[in-house]
Amino acid sequence: MAHLRRAALYYLERYSVPAAQLQRVLLRKVERSCRHHGLDPQLFRAAVDEIVAACVASGLVDDRRFAEAKAQSLRRKGRSARAVAAGLAAKGVERALVAEVAAANDDVELEAARIAAKRKRLGPWSRGDRAEQRQKHIAALARAGFSLTVARTVIDDAGEGGAVQLNPA
């Protein structure tokens, strides 16, 4: 038990994780150790749950703080709200918290799409004939999780664009 607690604290020193991720890491460690010693991993399930609960209670593990930081980081990398939600869900963050944190207004989504287009050299940042590649560039942003309106706005934009309206009339 003390070894598991130290392992949890050491892991939390290096990584900011949600409770579900910490639990997965500790269970993997228990399973590996039990395989080596010929024990049943289910005997240690309660101890892992207790350690995770203690970490949550002490504030070492905070799913909201993790989700907000991860969402902000992914948006800075040019990820869409859908990609942010998928990334948080994969880490074990609860659905309600994922929906709350991943929800982005039009300006945030547009800025993330611009970053993605710039990184992938799409639209205004591409080389060659933009008109010829327009559909492929829009499709690339759509596959990245951006709406068709956002993708069209970014691809048809003139470049380092300032204020662009999402409601094309």
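Our subject is the structure that appears above.
These numbers were taken from a predicted model, which means no experiment stands behind them.

Asks: Got a minute to help me understand the nonpolar core in this structure?
Replies: Within soluble globular proteins, side chains that are nonpolar generally end up buried alongside one another. Ranked by size, the top nonpolar core spans 18 residues in total, and within it L22, L26 and V48 carry the most contacts. Among the elements that make up this core, the one with the highest residue count is helix α2 (residues 19-37) (seven residues). Once residues within four sequence positions are removed from consideration, L22 is found in contact with A8, Y11, L12, V17, V52, C55 and V61. Of all hydrophobic cores here, the second largest spans 15 residues; its members include W125, L141, V150 and I155.

Asks: Please clarify how the pattern of salt bridges should be interpreted in this entry.
Replies: If the charged atoms of two oppositely charged side chains come close together, the side chains can form a pair. Evaluation of the coordinates by the stated rule reveals five salt bridges. A salt bridge links E100 to R64, with the nearest nitrogen and oxygen atoms 2.9 Å apart. One end of the pair, E100, is in helix α6 (residues 95-102); the other, R64, is in helix α4 (residues 63-76), and 36 residues separate them in sequence. In this structure, R114 engages D157 in a salt bridge whose closest nitrogen and oxygen atoms are separated by 3.4 Å. Pair noted here: R114 is in helix α7 (residues 106-120) and D157 is in the segment after α9 (148-156), with a separation of 43 residues, a long-range link. By relative accessible area, which is 10% here, D157 ends up buried. One salt-bridge network, in which partners are shared between bridges, spans R64, E68 and E100.

Asks: Looking at this structure, I do not really get a nonpolar patch on the surface. What am I missing?
Replies: Judged by side-chain polarity, L39, L43 and F44 come together as a nonpolar surface patch covering roughly 290 Å² of accessible area. Mapping L43 onto the fold places it in the loop between α2 and α3 (45-58). Note on L43: relative accessible area 61%, which makes it exposed.

Asks: I keep staring at the layout of surface pockets and nothing clicks. Help me out?
Replies: A water-sized probe, rolled over the atoms, reveals where empty space remains. In this structure, the largest pocket spans a volume of roughly 180 Å³. Of all the secondary-structure elements, those providing two or more residues to the lining of the largest pocket are α1 (2-14) and α2. A breakdown of the residues in the lining of the largest pocket according to their chemical character gives six nonpolar, three polar and one charged.

Rules behind the numbers
- Each chain has its residues counted from 1, following the order in which its sequence is written.
- Per-residue local features are limited, in this predicted model, to residues with pLDDT of at least 70; the limit for side-chain atom pairs, both in listing and counting, is 80 or more; totals at the level of whole chains, interfaces and linings are taken over all residues.
- With hydrogens and water excluded, all non-hydrogen atoms of the structure serve as input to the side-chain values.
- Take the buried Ala, Val, Leu, Ile, Met, Phe, Trp, Tyr and Cys residues and link them wherever side-chain atoms come within 4.5 Å; each set so joined is a nonpolar core.
- Here's how the labels work: a residue is buried when its accessible area is under 20% of the maximum for its type, exposed when over 50%, partly exposed in between, all with a 1.4 Å probe on protein chains only.
- Runs of H or I in DSSP of at least four residues are treated as helices and runs of E of at least two as strands, each being numbered from the N terminus.
- By definition in these notes, contact holds between two residues if any of their heavy atoms fall within 4.5 Å.
- Salt bridges are defined by distance alone: a side-chain nitrogen of Lys or Arg within 4 Å of a carboxyl oxygen of Asp or Glu.
- Patches draw on residues past 30% relative accessible area with no salt bridge. Two like charges within 9 Å are joined, as are two nonpolar side chains (Val, Leu, Ile, Met, Phe, Trp, Tyr) within 5 Å.
- For the accessible areas, the method is Shrake-Rupley and the probe is 1.4 Å, while residue cover comes only from the protein chains on display.
- Every definition here rests on a 1 Å grid over the protein atoms only: cavities are sets of points where a 1.4 Å probe fits but cannot get out, pockets are open sets enclosed by protein on both sides within 12 Å along at least five of seven lines, and lining residues have some atom within 4 Å of a point.
- Grid points are joined across faces, edges and corners, and a volume is the space filled by probe spheres set on the points.
- Three classes are used: nonpolar for Ala, Val, Leu, Ile, Met, Phe, Trp, Tyr, Cys and Pro, charged for Asp, Glu, Lys and Arg, and polar for all others, with Gly counted as polar.

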